[in-house]
Every structure is written in C-alpha cells, then in structure tokens.
Amino acid sequence: MGAMSDFFPRDSVIRRVNAEPALFLAAGRALLLQLAHPAVAQGVADHSDFQSNPFRRLQGTLEATYAVVFGSEALADAVGRRIQRIHDFVTGTSYRANDPANLLWVHATLADSALRVYTEMVEELSPADAATYYREMMLVAEVFGLPVSDQPASLAGFRAYFDEMVATLRVSDEGRRLGNDVLYPSLPAGLRIPLAPALALNRLVAVGTTPEPLREQFGFAWDQRREQQLARVQSTAAHVFRLAPRPLRTTPGWLNGRLLLWQAGRRVGAGVGAGASAA
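Residues numbered from 1 in each chain as written. Predicted model: local features only at pLDDT ≥ 70, side-chain atom pairs only at ≥ 80, totals over all residues. Heavy atoms only, no water.

### Describing the overall build of the protein
Secondary structure assignment for the protein yields 14 helices and two strands. Its C-alpha atoms give the protein principal-axis dimensions of roughly 55 × 50 × 45 Å. Relative to its full complement of 279 residues, the protein shows a buried share of 47%. Contacts in the protein between residues at least 24 apart in sequence constitute 79% of all its contacts with a sequence separation of at least 6. When the accessible surface of the protein is totalled, it reaches about 13500 Å², and 58% of it is carbon and sulfur. (Helix = DSSP H or I, 4+ residues; strand = E, 2+ residues; numbered from the N terminus. Buried < 20%, exposed > 50% of the residue type's maximum accessible area, 1.4 Å probe, protein only. Contact = heavy atoms within 4.5 Å. Areas by Shrake-Rupley, 256 points an atom, 1.4 Å probe, with all protein chains shown as cover.)

### A look at the nonpolar core
Counting 74 residues, the largest nonpolar core has Leu35, Val79, Trp105, Met121, Tyr133, Val140 and Phe144 as the members making the most contacts within it. It is helix H6 (residues 100–121) that contributes the most residues to this core, 11 residues altogether. With residues up to four places along the chain from it excluded, the contact list for Val140 reads Phe8, Ile14, Thr65, Val68 and Val69. (Core = buried A, V, L, I, M, F, W, Y, C linked by side-chain atoms within 4.5 Å.)

### Things to note about the packing of helix H2 (residues 27–35) against helix H11 (residues 196–209)
Where H2 contacts H11, the two axes come as close as 8 Å, and the packing angle between them is 50°. One finds that H2 runs oblique with respect to H11. Along this stretch, H2 crosses H11, giving a crossing that reads as right-handed. Here Gly28, Arg29 and Leu32 of H2 lie close against H11, whose contacting residues are Asn202, Ala206, Val207 and Thr209. Taken together, the residues that form the contact of H2 with H11 break down as three nonpolar, three polar and one charged. (Axes fitted to C-alpha atoms, helices over the stretch in contact; angles between N-to-C directions. Parallel < 35°, antiparallel > 145°, perpendicular 65-115°, else oblique. Left-handed = near helix turned anticlockwise from the far one by under 90°. Nonpolar A, V, L, I, M, F, W, Y, C, P; charged D, E, K, R; others polar.)

### Some thoughts on the packing of H6 against helix H7 (residues 127–143)
Where H6 meets H7, the axes come as close as 11 Å, and the angle between the chain directions of the two elements is 150°. Comparing their axes, H7 and H6 come out roughly antiparallel. Considering how the two elements wind past one another, H6 and H7 form a crossing that is right-handed. The segment H6 lies against H7, with His107, Ala111, Ala114 and Leu115 engaging Tyr133, Met137, Met138 and Ala141. For the contact of H6 with H7, the class distribution of residues is seven nonpolar, one polar and no charged.

### Structural notes on the packing of aromatic side chains
Throughout the structure, instances matching the rule amount to seven aromatic pairs. Pairing Tyr66 with Phe70 gives two aromatic rings, centres 4.3 Å apart and planes at 35°, and the pair type is tilted. Here the residue Tyr66 and the residue Phe70 both occupy positions in helix H4 (residues 54–70), the gap between them amounting to four residues, near one helical turn. Across this residue pair, the class does not change: Tyr66 and Phe70 are buried. Between Phe218 and Phe220 the ring centres are 5.0 Å apart and the planes differ by 10°, which places this aromatic pair in the stacked class. With respect to class, Phe218 is no different from Phe220; both count as buried. (Phe/Tyr/Trp six-rings, centres within 6.5 Å; stacked < 30°, edge-to-face > 60°.)

Okay, structure coming up:
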C-alpha cells in the first residue's frame, strides 16, 4: 500500500464512532480514570505541567489518536514512533510510561469511555460493531507501543479487565491532588468567569460517570441531587445529538480535524501526508 493510504478505511467503525462530538463529554472521565492508577498519576505529576494546564495532556492524546484514526498510514506510523520516544523519558522509581500494564490502562480509559458515551448519547452499537470497534482500537494501542499480545483478545475480555481494574485500583494521594486539578483547573482570571458553566458541566459529568469505587476514593462528593442533574444533562444531550443529522453533528469536528492532522504532521516532520478525510 502507498504511503498516502488510510490507516483505517473511511467506512470503519472506529471512524464512525470517533467522529461524534458526544465523545468530548467523556474527556473528564477518561482523565480521572487515568489518574486513578498510581503509576500513571506519578508519571503525570513528575513529567508534565498538569496542574497549570490539566487538559494539555488530553489535547495531546486526542491529537495523536485523531492522527492515527483519521490519517494516513505514514502519519500514523510517525506519530506512534514519536509518542513512544517521548514515553521512553517518562520514567521514575515506581513507573515507566512504556510499561505495557500502564499503556493498557491509559488505552482502556479511552476505549471504555468512547464506547460508553457513544451508546448512551448517539446510538446502540450492534454486538458485531462493538467488537469491531474494540479490535480497531487494539491497533491504535499497538501504534502507541502496546503489542496486541499484551491486550485482552476480545471485547468481553477487555470489559472483564476494566471491571477488575476498577475494583482493585487504589487511588494515591498524588492521584487525588491531580484529580482535583481536573475539576478545578488553574485558569487566568479573565477565563474563570466565562468558562464557569462549562467547568461546572465538566465536573458534573466527570464525577458522575466515574465508577463509584474510584469516585469514593477520589473523595468527590455525590448525592441524589447531583445524580438527578446528571440524568437531565445526559437525557438532553442524547436528545440533541440524536435529533441533529450526522453531517451537522460531525462537520465542526471534521473542520477541527483538519487542524489536528496538520499539527500532527508538523510535529513529526514535513513530507508525512495527513491522508484521509475525517468524514
């Protein structure tokens, strides 16, 4: 296949799912889940400016993932090698970013959150499409350095792994501190007021959709009133997403995707084709 071939076909399940703007509602949940893993939390604390900009990590993850899902084979390969090189330097006494166990958990938080919000907000995936989505996400993880042999072989196995991790993870003090930064990021005074409604929505959805055992370990307050608020938000969002035609829903993301592919191409060097359409 040529250098400009798509990494994933344009009619792939992963493209259909990841093009949906509803997935952005899962961003805070994915970050909190990652920070629930003590090794991941320590690596973030030691090697990033998470406290001053907690969503920069997410932005980088989204850009890299978007480049693999919607870009060319050449771009996906180059982005994957770049991420693996960066992870080579993210090490400490108790962790290595390129450790398969750590990579698997970070990947799991993205895959589980995407599947969850898509089925709740957009449409039910058939069992075959859900299984295909998982297999395609396995290839994304492989690009970022996690061998397929180190991943659960099926969606059922993945769900069992995820549930076991939720039941056994113990949130560290560092994880709790960084989790608070996700909910209450440090922002310039000029941004705090205009972004207050969006931040309140992020807190509600992130905390409410984090599995209860981990939510309790983080120490986040939750009660029936918040549960009812979350249910109303989810119901309204699902109604809006399902009512809007797919082209209307996905066009803003497609336009932003052009920028993400361009940025990813710049980071890995000139001459790497961005490749496929994000539609």
